Amino acid sequence: MADLNDIAVFVTVARYGSFTRAAHSLGMPVSTVSRKVTSLEEQLGVTLLQRTTRKLSLTAQGRAYFDQCSEPLAHLMDAEQVLTEAHRKPEGLLKISVPVIFGQEVFYEFVSAFLQTYPEIRIDLFVTNLFLDLIAENIDLGIRFGELKDSSIVAQRLGKSVRYLVATPDYMKGRALPSTPEDLKDHRCVLLNGRNSEAEWHLVSGRKSVRQQVSGPVSSRDFAAVSAFTYRGHGIGLLPSTYCEDEIRRGELIRLLPDWSSEEIFVHAVYPTRRFLPLRLQVFLEALKAWKTPLWLPLH
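A few points on the structure. Owing to the predicted nature of the structure, the values given are computational and were not obtained by experimental measurement. (Residues numbered from 1 in each chain as written. Predicted model: local features only at pLDDT ≥ 70, side-chain atom pairs only at ≥ 80, totals over all residues. Heavy atoms only, no water.)

### As for the sheet that holds strand β14 (residues 265–272)
Next up, step 1: Within the open sheet, the five strands sit side by side as β4-β3-β5-β14-β6. Their pairing is mixed. Since the sheet does not close on itself, it has two edges, and those belong to β4 (121–127) and β6 (153–161), each with one partner. Recorded for the sheet is a direction-independent mean angle of 20° between the axes of neighbouring strands.
Next up, step 2: In terms of strand pairing, strand β3 (residues 92–98) meets strand β5 (residues 141–145) through two bridges, oriented parallel. Counted as the bridge partner of Ser-97 is Gly-142 from β5.
Next up, step 3: Sitting on the sheet, helix α9 (residues 279–290) touches β3, β4, β5, β6 and β14, and the angle it makes with β3 is about 40°. (Pairing = 2+ DSSP bridges. Helix = DSSP H or I, 4+ residues; strand = E, 2+ residues; numbered from the N terminus. Axes fitted to C-alpha atoms, helices over the stretch in contact; angles between N-to-C directions. Contact = heavy atoms within 4.5 Å.)

### Comments concerning helix α1 (residues 4–16)
Residue pairs spaced three or four apart in an α-helix point in one direction, given the helix's 3.6 residues per turn.
Next up, step 1: Along its 13 residues, α1 runs 19 Å from first to last C-alpha, staying within 8% of the 18 Å computed at 1.5 Å per residue.
Next up, step 2: Within α1, ten of the 13 residues are buried, leaving the element largely enclosed by the surrounding structure.
Next up, step 3: Near the N-terminus of α1, the side chain that reaches the backbone nitrogen of Asn-5, with its oxygen 2.7 Å away, is that of Asp-3.
Next up, step 4: Of the residues flanking the end of α1, it is Gly-17, one or two places downstream, whose phi is positive at about 70°. (Expected span 1.5 Å × (residues − 1). Buried < 20%, exposed > 50% of the residue type's maximum accessible area, 1.4 Å probe, protein only. Polar contact = N/O pair within 3.5 Å; in protein donor to acceptor, adjacent residues only side chain to side chain.)

### Concerning unusual backbone geometry
Next up, step 1: In the Ramachandran plot, Asn-138 falls in the positive-phi region, its phi being about 60° despite a non-glycine side chain.
Next up, step 2: On the secondary structure map, Asn-138 appears in the loop between β4 and β5.

### Quick notes on the nonpolar core
One broad rule of soluble globular proteins: the nonpolar side chains tend to lie buried together.
Next up, step 1: Phe-102, Leu-141, Ile-143, Phe-284, Leu-288, Trp-291 and Trp-296 are the most contacted members of the largest nonpolar core, which has 38 residues in total.
Next up, step 2: Where this core is concerned, the elements lending two or more residues are β3, α5 (105–117), β5, β7 (163–167), α7 (223–231), α8 (241–249), β14 and α9.
Next up, step 3: A per-element tally of this core places α9 first, with five residues.
Next up, step 4: Other than its neighbours up to four places away in sequence, Trp-296 contacts Phe-102, Leu-158, Gly-159, Lys-160, Val-267, Leu-288 and Trp-291.
Next up, step 5: One finds Phe-19, Val-33, Val-37 and Leu-40 within the second-largest nonpolar core, a separate group that totals 23 residues. (Core = buried A, V, L, I, M, F, W, Y, C linked by side-chain atoms within 4.5 Å.)

### Section: α9
Next up, step 1: With twelve residues, α9 extends 17 Å from end C-alpha to end C-alpha; this agrees with the ideal 16 Å at 1.5 Å per step.
Next up, step 2: Every buried residue belonging to α9 is among Leu-279, Leu-281, Val-283, Phe-284, Leu-285 and Leu-288, and all of these are buried.

### Points about the environment of Gly-92
Next up, step 1: Considering the arrangement of structural elements, one finds Gly-92 in strand β3.
Next up, step 2: The contacts of Gly-92, once residues within four sequence positions are left out, are Glu-120, Ile-121, Arg-122 and Arg-280.

### Details of the packing of helix α2 (residues 19–26) against helix α3 (residues 30–44)
Next up, step 1: Running from N to C, α2 and α3 cross one another at 105°; their axes reach a closest spacing of 8 Å. Taken together, the axes of α2 and α3 lie roughly perpendicular to each other. Touching Phe-19, Thr-20, Ala-23 and Leu-26 of α2 are Val-30, Val-33, Ser-34 and Val-37, all from α3.
Next up, step 2: For the contact of α2 with α3, the per-class residue count stands at six nonpolar, two polar and no charged. (Parallel < 35°, antiparallel > 145°, perpendicular 65-115°, else oblique. Nonpolar A, V, L, I, M, F, W, Y, C, P; charged D, E, K, R; others polar.)

### Some thoughts on the sheet that holds strand β12 (residues 254–256)
The strands that make up a sheet are held in pairs by hydrogen bonds between backbone atoms, and each pair lies either parallel or antiparallel.
Next up, step 1: The strand order across the open sheet built from seven strands is β12-β7-β11-β8-β10-β9-β13, with neighbouring strands paired in mixed fashion. Of all strands in the sheet, those with a lone pairing partner are β12 and β13 (261–262), marking the two edges.
Next up, step 2: Two strands pair when backbone bridges link them, and strand β9 (residues 198–205) and β13 are joined in this way by two bridges, in the antiparallel orientation. Bridging from a neighbouring strand, Leu-203 pairs with Ser-262 of β13.

### Side note on the pairing of β5
Next up, step 1: Buried residues dominate β5, accounting for five of its five residues.
Next up, step 2: Of the two faces of β5, both are covered, the one formed by Leu-141, Ile-143 and Phe-145 as well as the one formed by Gly-142 and Arg-144.
Next up, step 3: Across four bridges, the pairing between β5 and β14 is antiparallel. Each residue of the ladder has a partner; that of Phe-145, found in β14, is Val-267.

Now the structure itself:
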């Protein structure tokens, strides 16, 4: 009978479609992963993986073998982890990726409280607006706003965000208030992820929906920067409600086209597909879902 460890390595390689990604997941050198798959092929007397310099793919025999092995192996691994996790405390390194909007005191307070609750857990924090490849970078969890395009990851909704059109009284002095989204083309706007000083804003009002091209003097990938330039009167900003509601109440910002806003943008916790989550990740997810945060609105 083939070595069960070699079978587990092969299933991981087949699942990720890459020796490198499988090695990251297993915590092994790539050379060891390759050697174990080769050993399994020699034991079985068949070629399971077709290797080229650019691509790795399953042979017909490899696909059939993977289909037969993957589910029983997953059940064995789940059973083993259920037994071991039941007698352990949450511990180990947790690698987390969050957007730049999280680089502020309220999130640091949340992480600090979590670490005090679970002193055996260590956190490696990536604060970036880049959508990092969770598997390639060996990241346990990411927080993402908006549409998710990677179908290979698991996602849990945490909350939602909606954005308002706002400007300072100084910016609006001597300018006509926009009465329709089309009027925005006559205004200077502060852009998020604008290219060549232009961006497209998707706005909704009830069942009505428009995509309006806007332009302006400054663009950034960071909401904090977009907010700062909007607050300083450089143009109209499309800001998360949590960034501007207090300023609107105090009269420091004017909400424009109040019947219009962005569509609802959902906030997700995402993590690589796993049938059994490490205990450290389970408790972090639970804390994240229970967190009363100003960074997003509750789902209900």
